[in-house]
Amino acid sequence: MTSPVTLLLVGLAVAGIAFLFAWWRSATTGGHPHRFPTPLQLGLGAVTLFFDTLGIGNFATCTAAFRTLKMVRDEFIPGTLNVGSAVPQSLEAFVFLAAIAVDPLTVLLLVAAGAVGSFLGGRIVAGLPRRYIQIGMGVALLVGAALMFMTNMRWIPGGGTAIGLSGAWLVAAVALNFVFGALCALGIGNYAPSLIAFSLLGMDPRAAFPIMAGSAAYMQALSGIAFVRHGRYDGQAALGLTLGGVPGVLVAAYLVKTLPLVAIRWLVVVAVLYASVSLLRSALAKVRAAGPQSNRR
């Protein structure tokens, strides 16, 4: 009988091949030629995807760099991020699914829930006020980081070494990963909330990496196909993220596999704090910019 992990890897390979074929057609026959990326674009891909593999998502940092350096037009940023990160993200998923022990049923159900959430749930959350969700998620992640910090200091019991979940905890995790997938439609990455939620549910934080990487890989490969078909991306910057990101992912994945559990738990705190502050800063910046119209979406 084929294992759930094998099914996930085969499905991811199919999605990846479909994405690469669509990208190749866009670049060669779709009237969207690509130039070779600059050293800066390659470096940006290497650095941001390195930290992405460690749990510090690359979307926020890349967006800031694209805007500051005027590297990518604003309307092309979402597509560039998804197209450029799809291959390195798939590599992350393959490495983590093959190298890190995780319960097969748990990873299958959670990755499937995240993929479905990004497709169906995104349509629901897209109608909600973005900044309120950012504030809510930012505060929730701050609370989660505080709980993880107290757990690491052994002030309260918590965390765990489990490689899977069962019963009510598994149902809760599936529901949460569906929501995390849906929130990706608003540009809120799934890494930080996944790390904190699954760790607090009793899982070894390392076991969360195959789940969140697998979920993100499916999301980005499928959304990347849509972006390249419509030409809504910057080919040169996307190629820079891909070519620079692959070695960045390989180096960081080795660190995740070899770091002791205590170090991984502290890495979770840092990653979640970073994501929380980024969300709250983005939300507050939009409130200030909106001024009297801040109550509108």
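Placed above this text is the structure.
Everything numeric here is computed off the predicted structure, so don't read it as measured data. (Residues numbered from 1 in each chain as written. Predicted model: local features only at pLDDT ≥ 70, side-chain atom pairs only at ≥ 80, totals over all residues. Heavy atoms only, no water.)

Considerations on the overall build of the protein
Across its full length, the protein carries eleven helices and zero strands. Its helices and strands in sequence order give the protein the pattern α-α-α-α-α-α-α-α-α-α-α, from N to C terminus. Put simply, of all contacts in the protein between residues at least 6 apart along the chain, 86% involve residues at least 24 apart. A total of about 13,700 Å² of accessible surface is found on the protein, and carbon and sulfur atoms cover 70% of it. (Helix = DSSP H or I, 4+ residues; strand = E, 2+ residues; numbered from the N terminus. Contact = heavy atoms within 4.5 Å. Areas by Shrake-Rupley, 256 points an atom, 1.4 Å probe, with all protein chains shown as cover.)

Focus: the pattern of salt bridges
One pass over the structure, following the stated rule, counts two salt bridges. Where Arg 73 meets Glu 75, a salt bridge forms, and the shortest distance between an N and an O atom there is 2.6 Å. Accessibility expressed as a relative area gives 38% for Glu 75, which makes it partly exposed. (Salt bridge = Lys/Arg side-chain N within 4 Å of Asp/Glu carboxyl O. Buried < 20%, exposed > 50% of the residue type's maximum accessible area, 1.4 Å probe, protein only.)

As for the packing of helix H2 (residues 39–53) against helix H3 (residues 58–68)
Each pair of packed helices gets described by two things: the angle between the helix axes and the distance between those axes. At a minimum axis separation of 9 Å, H2 and H3 run at an interaxial angle of 155°. When the axis of H2 is compared with that of H3, the two are roughly antiparallel. In this structure, H2 crosses over H3, and the sense of that crossing is right-handed. Residue-level contacts link Leu 44, Thr 48, Leu 49 and Asp 52 of H2 to Asn 58, Thr 61, Cys 62, Ala 65 and Phe 66 of H3. Among the residues forming the contact of H2 with H3, the class breakdown is five nonpolar, three polar and one charged. (Axes fitted to C-alpha atoms, helices over the stretch in contact; angles between N-to-C directions. Parallel < 35°, antiparallel > 145°, perpendicular 65-115°, else oblique. Left-handed = near helix turned anticlockwise from the far one by under 90°. Nonpolar A, V, L, I, M, F, W, Y, C, P; charged D, E, K, R; others polar.)

Regarding the packing of aromatic side chains
Applying the stated criterion to the full structure yields five aromatic pairs. Geometry around Phe 76 places Arg 73 over its ring, the cationic atom sitting 4.6 Å from the centre. (Phe/Tyr/Trp six-rings, centres within 6.5 Å; stacked < 30°, edge-to-face > 60°. Lys NZ or Arg CZ within 6 Å of the ring centre and 35° of its normal.)

Re the nonpolar core
Among soluble globular proteins, nonpolar side chains are generally buried collectively. Core analysis: the largest hydrophobic core is formed by 50 residues, its most contacted members being Val 107, Phe 198 and Phe 209. The leading source of residues in this core is helix H9 (residues 205–230), at nine residues. Once residues within four sequence positions are removed from consideration, Phe 209 is found in contact with Thr 53, Leu 54, Gly 55, Phe 96, Ile 100, Leu 195, Val 256 and Ile 264. (Core = buried A, V, L, I, M, F, W, Y, C linked by side-chain atoms within 4.5 Å.)

Some remarks on the environment of Phe 180
Within the secondary structure, Phe 180 is located in helix H7 (residues 167–183). Sequence separation between Phe 180 and Gly 114 is 66 residues; the distance between their C-alpha atoms is 6.7 Å. Leaving out residues up to four positions away in the same chain, Phe 180 has contacts with Asn 190, Pro 193, Ser 194 and Ala 197.

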